[in-house]
Every structure is written in structure tokens, then in C-alpha cells.
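Examining the three-dimensional arrangement
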Amino acid sequence: MCCPTQGRTLAVMQVSGGSQSFNTVNTLRVLGRWMRMLTIPNQSSVAKAWQEFDDHGRMKASPYYDRVVDVMEELVKFTLLTRGRADYLVDRYSERKGDEVAAALARAAGATAS
């Protein structure tokens, strides 16, 4: 049975900044892959995010803004490319084999119970 994260598309961005931003973003990407999520190659961190927004809450034009747009575009593209294909992408031989063994055991248990 597939968990809710398998086959989903993941993009990681961090806005708190600081010297550990890169490590945090990379760790989140590793966790996403571990949960069998399609993790896009692009990522972004916005250092000193409180300085990157105007009085209306909109992100100011900057290289950070460009990077956020790049990540979002890539997220949309990967999501569109993989939409409807999650079952295929998360299908594993070892899990199919385990399901077959479990089904055979269930059939054997049912046959001996009757």
C-alpha cells in the first residue's frame, strides 16, 4: 500500500537564512527522497528573508526572487510530467514479491481453515 507522500513532487525552499540553510535544505531533500517523493533538482534558500519583502508582503525583485520563481517553475513542470504516473514511479519489485507471498499465505490459511 502506498503512503500519501510516495510519488508526490517535492520542492524545498527555506526563508530563514543563516549559515545552516544549505544543510537544512539538503536534509529536507534527502528526507523527501527517503519518503519516495520525486524531489526536483532545484532548491532555494533566502537569506535575511525579512529584508526581501515590501510593505505589501510581496517579494522584491532580486536574485532571490528569480531563484524562487525558477524553483516554482520546475516544481510545476515536474508535477505535470509525472501527474498520473505515481503508481508506476513507486512500484517496486520487492514489494510486489512480498505481496505475492502474503497472498499465497492467506490462500493457504484459508484452505486449511475450511
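That block above? That's the structure.
Let us look at the structure shown here. (Residues numbered from 1 in each chain as written. Predicted model: local features only at pLDDT ≥ 70, side-chain atom pairs only at ≥ 80, totals over all residues. Heavy atoms only, no water.)

Let's shift gears to the side chain of Thr82. Its place among the elements puts Thr82 in helix α2 (residues 63-82). Given a relative accessible area of 13%, Thr82 falls into the buried group. Other than its neighbours up to four places away in sequence, Thr82 contacts Thr9, Leu38 and Leu89. (Helix = DSSP H or I, 4+ residues; strand = E, 2+ residues; numbered from the N terminus. Buried < 20%, exposed > 50% of the residue type's maximum accessible area, 1.4 Å probe, protein only. Contact = heavy atoms within 4.5 Å.)

Take the pattern of salt bridges next. Side chains that differ in charge, positive against negative, can pair when their charged atoms come close. This model, assessed by the stated rule, comprises 2 salt bridges. The partner of Asp91 in a salt bridge is Arg96, and the shortest N-O contact between them spans 2.5 Å. Relative accessible area serves as the criterion here: at 41%, Asp91 is assigned to the partly exposed category. (Salt bridge = Lys/Arg side-chain N within 4 Å of Asp/Glu carboxyl O.)

With respect to the helices and strands, Ser44 occurs in strand β2 (residues 38-45). If near-sequence neighbours (up to four positions away) are discounted, Ser44 is found in contact with Val12, Met13, Gln14, Val25, Arg67, Val68 and Val71.

Everything listed is a geometric property; what it means functionally is a separate question.
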